[in-house]
Amino acid sequence: MIVTTLKPLDEILESISPYRKILIAGCDGCTQPPRGLREAKTLKQLLELAGQLKGKKFDFKVTSVVKQCDSVLTTSALKPYVEDVEAVLSLACGAGPQTVAEFFPDLPVIPAQNSHFIGIDDREGSIMYDSCTACGDCILALTGGICPVTRCSKGLLSGACGGASNGKCELDSERDCAWELIYERLKRLGKLDLIRELAPPKDYSAKGWRVTP
Amino acid sequence: MNQKVAEPKVAVNINDDQCSRCSICGSLCPYDAITTDHENKKIILDIEKCQVCGICYSACPAKAIDTIYYSCSSVLKYLEKVRPQYKSDTLVIMCKGSAPDFSEVGRLFGVKDFIPLSVPCVGRISEEVLLGVLVAGVKKINILACDEDYCRFHRGSPLTGRRTIALNRMLEQLGYGEEAITLKRNSLKVTVDKDLCIACGNCVYYCPYDAPTLTSAGGISFDLDACRGCGLCVALCPAFALDLENWERARISDLIPHLLAEMKPPKILVFRCQWAVYPPLNGDMSPNIGTIDLPCAGRVEALHVLEALQNGADGVMVVACSEDDCKQEKVSARAEHVVTRIKEKLDQIGLGERINFSAVSPRYQGQVEEAVRQFRQSLEGAGAEKGAAK
């Protein structure tokens, strides 16, 4: 999923301060929990409370889109709401506000979230881990399902650098050494021979800036 | 420093002088809190294990057990006092766990007017109370218990079933007809609006009982036999697709402004787990405190906390059982997490000190009052500080 966090409320308040009539648009998509209707309504109430304290009155509308990165879904879902609003406050990842900006060119759009990475969610402790860089050339089949491009601090492709101690990275003692994890996993799978397959230099041009699926 | 700190009064006590050592209490206690000391020929209550269900109190043949909540005499006295308010000879005794809404309960028994008596578990209501109210002129007793498998105290509902059958047999011989006491059972569960569900799986993760499953069709389905009505999934559903019978979101939202309008500042609205706090039968009298009872603190929604602040609450409290005392599967810990998360956000706009989470137990008298007092003090302290800053 895309991992996002809510921006500091002060920053959001500052961004929306020029406007009064604002549509808060949630997104039911990738994040967990989804930044959907509940998050949108909670944000509305928080901003109203903050506004009360500062003597500022807002007029919020609230809705949520199934996937804000989908231009068709977003356009049709937001159309009934945008008639008399001055700005859209988006709860989606970075793709959401950009979709809104593109299809409602006359409407200012403000992000309410900071987008961090494509991640794995450890729900129990609510800690998220970066797990995919979207490099465009996936090698997980060779690495036991653990991505060295993302999870090795140095992004090494062909085995550990030798700097790790006790399974932790030499650059960050809290971070697991991805290559040690890969080694253990391949050993468990009985596929240690894969680690000998030296990966050729990655073709980063494969990442691309546009693709046709 | 000769001051002695007074021992807090415990909710349940075994009076050794009166005890006949029959050990019925120990065999009925759902929490193994009562044991027999064979060497010293004594029955011993471990108050730390006690969850204050009142089953031992209601079952003791020697009347050797005291309780500070809903004792026979206080219940009878209360009913005598309030009876003139009701134009009815029918008493409905209900467990709070299955009956937060009196009108729904009336419908269940097919009665419009009745004298309501709402207690945390009907298992604490003894034969003495039931016979006492009949002596006092009540013609019909209806009891609403939780479904046996859902009794928060495990044995309260089954015991009430046996008690009702036995009493009815006796009362029939006295000419009360076949069913002087009618027992019904009920459990309140989650409801799903499939049109609103976004199939995110949040409820699947949070439900402690594996009641919901995501179907391949992209919707949610609940095994209602597994649902124990804690309301956690309802409080966390990102799409408002879930609700809880009798503790609906809208019902709680409607209650908030009404309660706050009647309160005097400093207004403290308390969302309380009905198993953590046993309120007096005649209600909570402080004009500063408003209370909303919940089936479990897990039902608390951040939205309701914010609504309370928007409607003029000076402080909002969530009062829950401790994690170990939680009558659900450690749901109170989740509730604390919900409160912590919304407090973090309120901190950012300078309102963080106006929300409080407290874990209390009814096993010691006055715990909740003390928690409220401390919170009120901190609110007034913060208010005074702000006043001085101006």
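All values reported here derive from a predicted model rather than from experimental measurement. Throughout, residues of each chain are indexed from 1 in the direction in which the sequence is written. The lettering of chains begins at A and the numbering of ligands begins at 1, in the order of writing. Only residues with pLDDT of 70 or above have their local features reported here, since the model is predicted, and side-chain atom pairs are shown and tallied only from 80 upward, although totals for entire chains, interfaces and linings are computed over all residues. Note: side-chain values were computed over all heavy atoms of the structure, leaving out hydrogens and water.

(A) Quick peek at the sheet that holds strand β6 (residues 115-119) of chain B. Residue and element names in this part refer to chain B. Taken in spatial order, the 4 strands make up an open sheet running β6-β5-β7-β8, and their pairing is parallel. The strands lining the two open edges of the sheet, one partner per strand, are β6 and β8 (181-186). Taking each pair of neighbouring strands and ignoring which way they run, the sheet shows an average axis angle of 20 degrees. Between any two strands, at least two bridges found by DSSP are needed for them to pair. To qualify as a helix, a DSSP run of H or I must reach at least 4 residues; to qualify as a strand, a run of E must reach at least 2; elements of each kind are numbered from the N terminus. As defined by bridge partners, strand β5 (residues 90-95) adjoins strand β7 (residues 140-146) across 5 bridges and the pair is classed as parallel. For methionine 94, the partnering residue across the bridge sits in β7 and is leucine 144. The strands that helix α3 (residues 72-82) touches are β5 and β6; relative to β6, the one it contacts most, it runs at about 150 degrees. Residues are treated as being in contact if the distance between any of their heavy atoms lies within 4.5 Å. Lines fitted to the C-alpha atoms define the axes, with helices restricted to the stretch that makes contact. Angles between their N-to-C directions range from 0 to 180 degrees. Set on the sheet, helix α6 (residues 156-173) makes contact with β7 and β8; between it and β8 the angle comes to about 160 degrees.

(B) Just the nonpolar core, in detail. Nonpolar cores are built from buried Ala, Val, Leu, Ile, Met, Phe, Trp, Tyr and Cys residues. Side-chain atoms within 4.5 Å join them into one set. Summary of the burial criterion: residues with accessible area below 20% of their type's maximum are buried, those above 50% are exposed, and those between are partly exposed, where the area comes from a 1.4 Å probe applied to protein chains only. Among the nonpolar cores identified, the biggest contains 136 residues, and Leu89(A), Ile93(B), Phe271(B) and Leu346(B) are the most heavily contacted of them. The greatest single-element share of this core, amounting to 6 residues, is contributed by helix α2 (residues 37-54) of chain A. One finds Ala25(A), Val65(A), Val85(A) and Phe104(A) within the second-largest nonpolar core, a separate group that totals 10 residues.

(C) How the structure looks around the sheet that holds strand β4 (residues 87-90) of chain A. Residues and elements named next belong to chain A. Strand order across the open sheet formed by 4 strands is β3-β2-β4-β5, with parallel pairing between neighbours. Because the sheet does not close on itself, it has two edges, and the strands there are β3 (59-65) and β5 (109-111). Each adjacent strand pair in this sheet contributes to an overall mean axis angle of 25 degrees, direction not counted. Across 7 bridges, strand β2 (residues 21-27) lies against β3 in parallel orientation. When the sheet's bridge partners are listed, lysine 21 is paired in β3 with aspartate 59. Contacting β2 and β3, helix α3 (residues 71-82) runs over the sheet at an angle of about 160 degrees to β3.

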